[in-house]
Amino acid sequence: MTTRPPVSTPDPVTTTKNDPEGSGLQAGLKNRHLSMIAIGGVIGAGLFVGSGSGIAAAGPGILVSYALVGVLVVLVMRMLGEMAAANPTSGSFSAYADRALGRWAGFTIGWLYWFFWVVVLAVEATAGAKILAGWIPAVPQWGWALIVMVVLTATNLVSVSSYGEFEFWFAGIKVVAIAAFIVIGALAIFGLLPGSDHPASGFSNLTAHGGFLPNGPGAILTGVLMVVFSFMGSEIVTLAAGETANPRAAVTKATNSVIWRIAVFYLGSILIVVSLLRWDDPAILKDGSYVAALSSVGIPHAAQIMNAIVLTSVLSCLNSGLYTASRMAFSLGRRSDAPAAFGRTTSRGVPQSAILASVVFGFVAVAFNYLWPDTVFQFLLNASGAIALFVWLVICFSQLRMRKIIQRESPEKLVVRMWLYPYLTWATIALITFVLGYMLTDTADGGGRDQVVLSTLVALAVVAFALVRGRLERKVRQDEVTPS
């Protein structure tokens, strides 16, 4: 396979506003934008709407599930941060895989990641439309999905600073909401919340109803499968860093802060839920874990409050998903792994073609969700279900090679280092592989086995295409240099 320039050569994707039209992305994101993108990236809508199933399956032991996945994400982000701080680029891990493993790897993981996010666009647009239709039923659900997609597409087309500003406020609302939830819940747990009739319980609910692991230790692994995908999105900050004035410093700061972000927002809020309520409380599944917890302490209109927060999370995910998919398509276009139009920008530094192509596929997927939810759209969901884990695996293998390349060519750029290299990298690879293997034991319809099998088939198809494409390109070059 062909290789890319040495890592010491920066990827020419970020330019200043004085550059010619269409010459590249612009540094339009401010430090406050990137800080909030980094925080919001680990708070997906799945935390609010999906945690109830995990609690019901694993009991208070779901905390161990979240902790295990949290450690996994911290390690992967540390590896990605090492590479991104040394060479910030809009292609992030796809560009690093290209350099470390070969062009086929960068091509494959880049397109798989793009596919993952455009499917997410459809999922989140439908979820947001459902909430909005419940508030204003005069507009049909499909109409709300269309409105949401159009508004956020327009936002991304204006400028990267527009995306950053929207995400700043979306993520800010999520952060404030979870912080308030933790404070209110902690006061209620110790009987200090004014006006609440919730009985002070300390943390007795963690062990009082069948023990900390009421369904046995195996439930921890079941919980891992339920929560692992709610962490997807933490890597977005490394793509966005390429459009800041000081990407190296931004990546370093974001990477170093990932531990406390996961500890506070995930473990902290879930600890509050399983301490306020007994794990088998029917309200956790019926109303959702956060709504049930707020209702238990007497917060009025808890369901509507949480719907508003979930809607904000959905819009945030949509906004970031469109941004992420378009930047990955832009990077692929710049590396000649996608149509050349994807690699061009407007005078405002916006990759317009990449954005429009991503949103068109998103619109098509939304239509599939309404027309064939149990067949075509379910296939798309299953086919993209394990891609997050594939991305993390590629990051691990890329870092194993990139560390040696950086040390050889630009050792001064190792401002972020993976701990205990290479042992923790290999341990992370083993853990991800184990999770993928355990998913194969989930034989439910649309469960882990379906996701791993279909995602693997899609990945193999893309790899095969990349290899055939590379061989044809080499043949064309050989024909060009061979005298007739």
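These numbers come from a predicted model, not from an experiment.

Asks: Is there a simple way to explain the pattern of salt bridges in this structure?
Replies: Under the definition given, this model contains 11 salt bridges. Residue Asp98 pairs with Arg335 through a salt bridge whose shortest N-O separation is 3.4 Å. Here Arg335 lies in the loop between α14 (302-334) and α15 (352-371) and Asp98 lies in helix α4 (residues 92-101), a separation of 237 residues in the sequence. Across the pair, Arg335 and Asp98 agree in class, each one buried. Two residues, Glu409 and Arg99, come together in a salt bridge whose shortest N-O distance is 3.0 Å. Placement of Glu409 in helix α17 (residues 387-409) and of Arg99 in helix α4 is noted, with a sequence separation of 310 residues between them. We classify Arg99 as buried; its relative accessible area is 18%. Within the structure, one salt-bridge network assembled from shared partners comprises Arg103, Asp337, Arg469 and Glu473.

Asks: What should I look at first to understand the side chain of Thr238 in this one?
Replies: Looking at the element boundaries, Thr238 is found in helix α9 (residues 236-240). Thr238 gets classed as buried once you look at its relative accessible area, which sits at 1%. For Thr238, the side chain forms a polar contact with the main-chain oxygen of Glu235, separated by 2.7 Å. The contact partners of Thr238, leaving out residues within four places of it in the chain, are Leu80, Ala84, Thr89 and Ser92.

Asks: Is there a simple way to explain empty space enclosed by the protein in this structure?
Replies: Over the atoms, a rolling probe the size of a water molecule traces out where space has been left empty. A complete count under the given rule lists 2 cavities of 30 Å³ or more for this structure. In this structure, the second largest cavity occupies an estimated 30 Å³ of space. Leu121, Met149, Leu152, Thr153, Leu318, Leu322 and Val359 are the residues that line the second largest cavity. Elements that contribute at least two residues to the lining of the second largest cavity include exactly α6 (141-158) and α14. Ranked by the residues each element gives to the lining of the second largest cavity, the list is headed by α6, at 3 residues. Looking at the lining of the second largest cavity residue by residue, the classes come out as 6 nonpolar, 1 polar and no charged.

Asks: Looking at this model, I keep getting lost on a nonpolar patch on the surface. Mind explaining?
Replies: Taken together, the side chains of Trp142, Leu146, Val150, Tyr370, Leu371, Trp372 and Val376 make up a nonpolar region of the molecular surface, amounting to roughly 680 Å² of accessible area. Taken together, the elements giving at least two residues each to the nonpolar patch come down to α6 and α15. Broken down by element, the residue count for the nonpolar patch peaks at 3 residues, all from α6. Inspection of the secondary structure assignment puts Val150 in helix α6.

Asks: Would you take a moment to explain helix α11 (residues 258-276) for this structure?
Replies: Side chains that are three or four residues apart share a direction in an α-helix, a result of its 3.6 residues per turn. For α11, which comprises 19 residues, the first-to-last C-alpha distance of 26 Å matches the rise-based estimate of 27 Å (1.5 Å per residue) to within 8%. The largest bend in α11 amounts to roughly 25° and is located at Leu267.

Asks: Would you mind going over the packing of aromatic side chains with me for this structure?
Replies: Given two aromatic rings, their pairing is described by the distance between the two centres and the angle made by the two planes. Throughout the structure, instances matching the rule amount to 19 aromatic pairs. Taking 5.3 Å as the distance between ring centres and 90° as the angle between the ring planes, the aromatic pair formed by Phe116 and Trp117 counts as edge-to-face. Both residues of the pair, Phe116 and Trp117, count as buried. Ring centres 4.1 Å apart and planes at 0° place the aromatic pair Tyr163 and Tyr323 in the stacked group. Of this pair, Tyr163 sits in helix α7 (residues 160-189) while Tyr323 sits in helix α14, and the two are 160 residues apart along the sequence. The class for Tyr323 is buried, based on a relative accessible area of 0%. An aromatic cluster is defined as three or more aromatic residues linked by ring pairs; in this entry it consists of Phe93, Tyr113, Phe116 and Trp117. Lying across the ring of Phe168, Arg32 places its NZ or CZ 4.7 Å from the centre. We note Arg403 situated over the ring of Tyr421; from NZ or CZ to the ring centre the distance is 4.4 Å.

Asks: Just checking my understanding: could you explain the nonpolar core for this structure?
Replies: As a rule of thumb, nonpolar side chains are buried together in soluble globular proteins. Of all hydrophobic cores here, the largest spans 156 residues; its most connected members are Phe93, Val391, Trp392, Ile395, Ile432 and Leu436. A per-element tally of this core places helix α5 (residues 103-135) first, with 20 residues. Ignoring any residue separated from it by four or fewer positions in sequence, one finds Val391 in contact with Phe93, Ile109, Tyr113 and Met232.

Asks: Please clarify how the environment of Thr153 should be interpreted in this entry.
Replies: Summarising the element assignment, Thr153 is placed in helix α6. Placed 97 residues apart in sequence, Thr153 and Ala56 show a C-alpha to C-alpha distance of 37 Å. Leave out the neighbours within four places in its chain, and Thr153 touches Leu322, Ile355 and Val359.

Asks: Looking at this structure, how should I read the packing of α6 against α14?
Replies: A pair of packed helices is characterised by two quantities: the angle between their axes and the separation of those axes. Contact geometry for α6 and α14: axes closest at 10 Å, N-to-C directions at 50°. Accordingly, the angle class assigned to the pair α6 and α14 is oblique. In this structure, α6 crosses over α14, and the sense of that crossing is right-handed. On the side of α6, the interface is formed by Val148, Met149, Leu152, Thr153 and Asn156, while α14 contributes Leu315, Leu318, Asn319, Leu322 and Tyr323. Partitioned by chemical class, the residues of the contact of α6 with α14 number 7 nonpolar, 3 polar and no charged.

Analysis parameters
- Residues numbered from 1 in each chain as written.
- Predicted model: local features only at pLDDT ≥ 70, side-chain atom pairs only at ≥ 80, totals over all residues.
- Heavy atoms only, no water.
- Salt bridge = Lys/Arg side-chain N within 4 Å of Asp/Glu carboxyl O.
- Helix = DSSP H or I, 4+ residues; strand = E, 2+ residues; numbered from the N terminus.
- Buried < 20%, exposed > 50% of the residue type's maximum accessible area, 1.4 Å probe, protein only.
- Polar contact = N/O pair within 3.5 Å; in protein donor to acceptor, adjacent residues only side chain to side chain.
- Contact = heavy atoms within 4.5 Å.
- 1 Å grid on protein atoms, 1.4 Å probe; cavity = no way out; pocket = protein on both sides within 12 Å on 5 of 7 lines; lining within 4 Å.
- Points joined across faces, edges and corners; volume = space filled by probe spheres on them.
- Nonpolar A, V, L, I, M, F, W, Y, C, P; charged D, E, K, R; others polar.
- Patch = residues over 30% accessible without salt bridge, like charges linked within 9 Å, V, L, I, M, F, W, Y side chains within 5 Å.
- Areas by Shrake-Rupley, 256 points an atom, 1.4 Å probe, with all protein chains shown as cover.
- Expected span 1.5 Å × (residues − 1).
- Bend = angle between axes of the 7 residues up to and from the residue.
- Phe/Tyr/Trp six-rings, centres within 6.5 Å; stacked < 30°, edge-to-face > 60°.
- Lys NZ or Arg CZ within 6 Å of the ring centre and 35° of its normal.
- Core = buried A, V, L, I, M, F, W, Y, C linked by side-chain atoms within 4.5 Å.
- Axes fitted to C-alpha atoms, helices over the stretch in contact; angles between N-to-C directions.
- Parallel < 35°, antiparallel > 145°, perpendicular 65-115°, else oblique.
- Left-handed = near helix turned anticlockwise from the far one by under 90°.

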